[in-house]
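# Report on the structure
These are the residues of each chain, in order.
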Amino acid sequence: MTEQVTRATFDEVMFPNYAPSAIIPVRGEGSRVWDQEGKEYIDFAGGIAVTALGHSHPTLVNVMREQAGQLWHLANIMTNEPALRLAKKLTEKTFADRVFFCNSGAEANEAAFKLARRYAFDHFGPEKNEIISFYQSFHGRTLFTVSVGGQPKYKEGFEPTPKGITHCHFNDIEELKSLISDKTCAVVMEPIQGEGGIIPADKTFAKQVRELCDQHKALLVYDEVQSGVGRSGTFFAYEQLGVTPDILTSAKALGNGFPVAAMIAKDHVAQSFVFGTHGSTYGGNPMACAIAEAVIDIITTPEVLEGVKKRHDLFVEGLNAINEKYHVFKDIRGMGLLMGAEVVEQFAGNAKAFLTAAAEEGLFVLVAGPNVIRFAPSLIIPEEDIKEGLARLERAVAKVLEANK
Ligand SMILES: Cc1ncc(COP(=O)(O)O)c(C=O)c1O
């Protein structure tokens, strides 16, 4: 018999590093989710930008079932067909020639930062080891990734952290010019900062970063863990910036919720990961790769990618309409279906109040930092769910305003 568990069980048996809401979802279909009490929610969160094809997508369920009956795991002592097919697709659809598989965004970034250092070591010597990244960036929770990430709170108390990392203000090319040198092995950036508050890179800035990297023989690493796999409206966001990175990391939507991640790179860079330099037990396992292959097949269709742009416009229109009535947002921004609404001064530091009120109204949204309500729904969310979700959001906004009168 299955034991009855509730939210209180969390406080008894789980580490206190998360503070989950009172809701325990038990079932999802498309962009709708139901909790233990049978209450229905519309999902504008997608996990955190993960379930890009919604919940229980029938094709993905079938692929998973089929693969589960065939082969789960081998370890990297042997390769497998789903991994090879997925790697071929990733290289055909991007700038990259080679792929390394792992299981999470942090792990992909850890691999990318190690590769950048190793490449510089191989080609220029041990002195060229400095990494530049940006304030407010987020790259994961391993010790290396919290150190490269630009939010000090994530490394506090975990020092000593890896050395040779400098931070620069995002979209500030003059500052980057003053920091970059021939000792720089990599510049790391998110094309649109996610956790940092949904801040897109300026196109000119992105191009100038590429030029500076070329001048100093530094690699350009794009963290597309959140922005990738269709979320921006193109397969990866770099395509819209007109800039090609040397290394790119992907996770989140790649498996639609099944843990899988990838680091992809040009061949000459990938060659620095010679046999024995890096690895992962689960990385590239057939289950994860079969699912990711199906995800890519669906997401890279023109129908889905064009649908992202259409849905983006619906969101912006709906958010503007709410704002005209209630004047709660000072900025509405983003790319594709990664959008943020920055709250006005009155609610600065308290974007979370809208998330809580939205959940009460039957809607999942996210925050990105203290001031931004974030939306990262399924890329194929039905139009009627967008409309209904926005109606619930409007009720939530009215409620927060009423409570703060
Ligand atoms: C841009 C970016 N990089 C890396 C990560 C870390 O990914 P994971 O939680 O899968 O390790 C995240 C997660 O939010 C992210 O948004």
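Note that the structure is a prediction, hence the values are computed from the model and not measured. (Residues numbered from 1 in each chain as written. Predicted model: local features only at pLDDT ≥ 70, side-chain atom pairs only at ≥ 80, totals over all residues. Heavy atoms only, no water.)

## Observations concerning the site of the ligand
With respect to spatial proximity, 13 residues lie near the ligand, and among them G105, A106, D223, Q226 and K252 are the closest. At 3.2 Å from an oxygen atom of the ligand is found a side-chain nitrogen or oxygen belonging to K252. Bound to the protein, the ligand loses 82% of the 400 Å² it would expose on its own. With 3 residues, helix 5 (residues 105–124) is the largest single contributor of residues to the shell around the ligand. Of the residues assigned to the shell around the ligand, the class counts are 3 nonpolar, 6 polar and 4 charged. (Near = heavy atom within 4 Å. Polar contact = N/O pair within 3.5 Å; in protein donor to acceptor, adjacent residues only side chain to side chain. Areas by Shrake-Rupley, 256 points an atom, 1.4 Å probe, with all protein chains shown as cover. Helix = DSSP H or I, 4+ residues; strand = E, 2+ residues; numbered from the N terminus. Nonpolar A, V, L, I, M, F, W, Y, C, P; charged D, E, K, R; others polar.)

## Quick notes on the layout of surface pockets
Considered as a void within the structure, the second largest pocket measures approximately 870 Å³ in volume. Looking at the lining of the second largest pocket, the elements that each hand over two or more residues are helix 4 (81–92), strand 4 (98–102) and strand 12 (261–265). Broken down by class, the residue content of the lining of the second largest pocket amounts to 15 nonpolar, 11 polar and 3 charged. (1 Å grid on protein atoms, 1.4 Å probe; cavity = no way out; pocket = protein on both sides within 12 Å on 5 of 7 lines; lining within 4 Å. Points joined across faces, edges and corners; volume = space filled by probe spheres on them.)

## A few points about the packing of helix 3 (residues 58–68) against helix 11 (residues 286–299)
Relative orientation of the contacting elements helix 3 and helix 11 amounts to 155 degrees, with a least axis distance of 9 Å. Comparing the axis directions of helix 3 and helix 11 gives the class roughly antiparallel. Read as a crossing pair, helix 3 and helix 11 show a hand that is right-handed. Here T59, L60, V63, M64, Q67 and A68 of helix 3 lie close against helix 11, whose contacting residues are P286, M287, A290, I291, A294, V295 and I298. Tallied by class, residues from the contact of helix 3 with helix 11 come to 11 nonpolar, 2 polar and no charged. (Axes fitted to C-alpha atoms, helices over the stretch in contact; angles between N-to-C directions. Parallel < 35°, antiparallel > 145°, perpendicular 65-115°, else oblique. Left-handed = near helix turned anticlockwise from the far one by under 90°. Contact = heavy atoms within 4.5 Å.)

## As for the pattern of salt bridges
In the structure shown here, the tally under the stated rule is 25 salt bridges. Between E361 and R395 there is a salt bridge; the shortest N-O distance is 3.1 Å. Taken together, the residues span a long stretch of sequence, with E361 in the loop between helix 13 (352–360) and strand 15 (363–364) and R395 in helix 14 (residues 383–403) at a distance of 34 residues. For E402, the salt bridge is made with K405, and the minimal N-O distance between the two is 3.5 Å. (Salt bridge = Lys/Arg side-chain N within 4 Å of Asp/Glu carboxyl O.)

## Concerning the sheet that holds strand 1 (residues 25–29)
Taken in spatial order, the 4 strands of this open sheet run 1-2-3-15, and their pairing is mixed. Edge positions in the sheet fall to strand 1 and strand 15, since each of these pairs with one other strand and no more. Two strands pair when backbone bridges link them, and strand 1 and strand 2 (residues 32–35) are joined in this way by 4 bridges, in the antiparallel orientation. The residue of strand 2 that forms the bridge with G28 is V33. Across the sheet, helix 14 touches strand 2, strand 3 (40–43) and strand 15, and the angle it forms with strand 3 is around 105 degrees. (Pairing = 2+ DSSP bridges.)

## Things to note about unusual backbone geometry
Put simply, E159 and P160 share a cis peptide bond, and its omega is 5 degrees. Looking at the secondary structure, you find P160 in the loop between helix 6 (143–148) and strand 6 (165–168). Positive phi outside glycine occurs at S56, with the angle close to 50 degrees. In this fold, S56 is placed in the loop between helix 2 (46–49) and helix 3. S56 gets classed as partly exposed once you look at its relative accessible area, which sits at 47%. (Buried < 20%, exposed > 50% of the residue type's maximum accessible area, 1.4 Å probe, protein only.)

## Regarding the nonpolar core
Ranked by size, the top nonpolar core spans 81 residues in total, and within it F44, M189, V209, Y222 and F375 carry the most contacts. If near-sequence neighbours (up to four positions away) are discounted, F375 is found in contact with F44, F315, L319, L337, L338, M339, A341, V365 and L393. Formed by 27 residues, the second largest nonpolar core is a distinct cluster that contains A108, A112, F113 and F273. (Core = buried A, V, L, I, M, F, W, Y, C linked by side-chain atoms within 4.5 Å.)

## A closer look at the environment of F236
With respect to the secondary-structure elements, F236 resides in the loop between strand 10 (219–223) and helix 9 (238–241). With relative accessibility at 1%, the residue F236 sits in the buried group. Distance from F236 to L248, taken between C-alpha atoms, is 9.4 Å for residues 12 residues apart in sequence.

## Focus on the side chain of N256
By the element assignment, N256 lies in the loop between strand 11 (247–250) and strand 12. Overall, N256 belongs to the buried group, its relative accessible area being 11%. A distance of 2.7 Å separates a polar side-chain atom of N256 from the backbone nitrogen of L53. Only 3.0 Å separates the side chain of N256 from the backbone oxygen of G54, close enough to count as a polar contact. Those residues within four positions of N256 in sequence are excluded, and the remaining contacts are V50, T51, A52, L53, G54, L60 and V295.

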